[in-house]
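Examining the three-dimensional arrangement
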Amino acid sequence: MKIDSIGEMCTGCLACVHKCPSNCISVISDSLGNKFPEINYSKCIDCGVCYNVCQVVKQFSFNNPMQVYAAWNKDIEKCLTSSSGGIATLLSEYMINQGGVVYGCTFKTGFQVVHVRCSTLSEIYRLKGSKYVQSDMTTMYSQIQKDVKDKRKILFIGTPCQVAGVKSVFKNYEELYTVDLICHGVPSLKLFIESLSEKILTRNIDNVVFRRSNVFKREFLELGNVAYAYPLKKDLYMKGFFTGLFYRKSCYLCKYAKGQRISDVTLGDFWGIEKYLDTVDVSHGISCVLINSNKGRWLWELIKDEINYMERNMSEAMLQNKQLSHPMRKTFRTVLFYKLFPILGFKYSCVICMFDRIIKSYIVK
C-alpha cells in the first residue's frame, strides 16, 4: 500500500517524502493550502516504504505522564519573551550546552513558517513564541539525518503529529529527545497569508508576534529586526483559529489529542491554574509540563534548578486544555468554510461562517 490511500487523514509531516528511495514523491497543496504528498507512479518502484513510515497508520507507544507540573522560568524576562513559562527556551539552552542541536518552528522573512535547526544559543530566539499556523518540515529530515550520522543529541519541538513523523523516521536513534505541544490544530500558511492586508505583506517583516507583543517587539527591535504584532481579540484569523473554524481536516480526527502522549515532554499553557495557586502571579505565563518518559525526566532534571514549579495533577491540566481529552470538533461552520473559501476568499468566508460571533464580540465587552 502507498500513502495516497491515507487521504484526508494525512497530517502533512512529509516523512514519506524523505524516506522514498526513488524520490518519486513531491509535495502539493489543496485548495486550502494544506500540503500533501503526491506519488509520481512512473518513478515508483512499489516498495511500500512511504506507507510503512506513515505515522497515520503506524502504531506508536503512548505514555501516561509520570509527573505534571505548573512551571515558569525564574528569569522573568525570558518568561515575557515566551508564550507561557519559558520552559522550551530553557530546554533548548541546555540541549545546546550539552553539545546538541534543537529543531523548532520559526517565522522567516517573506511570511514563511518553517522548522529550522539551531546549534548556538544566539539562534534560540528564533523559536520563541506561538505560531498559529502549520510549519513546513520539507528540508528538516535531511538535516536531522546528518546530525544522527554525527551522533549528536537532538531536541525536536513540534506538534504531536510532527513529533510522530520524526520518531517514525528516526525511531532507533537513542539521542533523539522530543517535546510536543498541546495543539489545538493547524491552519495552512495560505490561510494566514490571505488574512493579512497588502500593506503588511509588502513590509520587510522578520517576525510575526501572536502573543506578548510589547516585549517581543522590543526584543526584535533591539536585534535590528522588524516584528509585526498580530492582533488577538477581534482579528478574523485568530477568532477562526480559537473556534476551530479552518484547521487541517486531519486535526478534527487527531489521535494525539488525549492524555497519553507520544513525546518525552509535553508543553502548553496551564490555563486556569490561578484557581488553585492563589499566591502565584500568573501574568507572566505558567507552563503546563507533562513528563512522559525517562528521557523526559532527564530533560527535567537538567532545568529544574532554573525554574519555579509545583507538582499538580492531570485533571487540573485537562480542565482547560481540552486537547488533552479530545480533538476539536468539526462543526457545520467548518464544512461551510471549506466550501466557501475557494470561491469567496478568506475574509468573506470567515464573516459568513462566524457572523453571530463577530457581532457578539463587538457588542459584549
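Computed from a predicted model, the values in this text were never measured in an experiment. (Residues numbered from 1 in each chain as written. Predicted model: local features only at pLDDT ≥ 70, side-chain atom pairs only at ≥ 80, totals over all residues. Heavy atoms only, no water.)

What about empty space enclosed by the protein?
Applying the stated criterion across every chain yields a total of four cavities of 30 Å³ or more. By volume, the largest cavity amounts to about 250 Å³. Residue lining of the largest cavity: 25 residues in total, with C161, S250, C251, C254 and Y256 positioned closest to the centre. Considered as a void within the structure, the second largest cavity measures approximately 110 Å³ in volume. For the lining of the second largest cavity, a count of residues per class yields 10 nonpolar, three polar and no charged. (1 Å grid on protein atoms, 1.4 Å probe; cavity = no way out; pocket = protein on both sides within 12 Å on 5 of 7 lines; lining within 4 Å. Points joined across faces, edges and corners; volume = space filled by probe spheres on them. Nonpolar A, V, L, I, M, F, W, Y, C, P; charged D, E, K, R; others polar.)

Details of the layout of surface pockets
When its volume is computed, the second largest pocket comes out at roughly 330 Å³. Lining the second largest pocket are 18 residues, and of these K167, K171, I262, D264 and K295 sit closest to its centre. When grouped by side-chain class, the residues that make up the lining of the second largest pocket number five nonpolar, seven polar and six charged.

Focus: the confidence of the model for the protein chain
Of all residues in the protein chain, 86% attain a pLDDT of 70 or more, and the chain-wide mean is 86. Note that pLDDT drops below 50 for residues 213–226; the model gives that stretch 27 contacts with residues more than four away or on any other chain. (pLDDT = per-residue confidence, 0-100. Contact = heavy atoms within 4.5 Å.)

Quick notes on the packing of helix 13 (residues 332–344) against helix 14 (residues 346–353)
Between helix 13 and helix 14, whose axes approach to 8 Å, the crossing angle comes to 150 degrees. Comparing their axes, helix 14 and helix 13 come out roughly antiparallel. Helix-helix and strand crossings are classified by hand; for helix 13 and helix 14 the assignment is right-handed. Taken together, the residues of helix 14 that come into contact with helix 13 (itself represented by R333, L336, F337, L340, F341 and L344) are F346, Y348, S349, C350, I352 and C353. By residue class, the composition of the contact of helix 13 with helix 14 is 10 nonpolar, one polar and one charged. (Axes fitted to C-alpha atoms, helices over the stretch in contact; angles between N-to-C directions. Helix = DSSP H or I, 4+ residues; strand = E, 2+ residues; numbered from the N terminus. Parallel < 35°, antiparallel > 145°, perpendicular 65-115°, else oblique. Left-handed = near helix turned anticlockwise from the far one by under 90°.)

Notes on the packing of aromatic side chains
By the definition in use, this model includes 18 aromatic pairs. On the numbers, 6.2 Å between centres and 35 degrees between planes, the contact of Y237 with F346 is tilted. Highlighted residues: Y237 in helix 10 (residues 236–242) and F346 in helix 14, separated in sequence by 109 residues. With respect to class, Y237 is no different from F346; both count as buried. Connected via pairs of aromatic rings, a cluster forms that spans F192, Y237, F246, F337, F341 and F346. R248 extends its terminal NZ or CZ atom over the ring of F36, reaching a point 4.4 Å from the ring centre. The ring of Y338 has K249 sitting right over it, with the charged end atom 5.0 Å from the ring centre. (Phe/Tyr/Trp six-rings, centres within 6.5 Å; stacked < 30°, edge-to-face > 60°. Buried < 20%, exposed > 50% of the residue type's maximum accessible area, 1.4 Å probe, protein only. Lys NZ or Arg CZ within 6 Å of the ring centre and 35° of its normal.)

Digging into helix 4 (residues 87–97)
Extensive coverage of helix 4 is indicated by the burial of eight of its 11 residues. Within helix 4, burial applies to I87, T89, L90, L91, S92, E93, M95 and I96. G99 sits one or two residues past helix 4 and shows a positive phi near 90 degrees.

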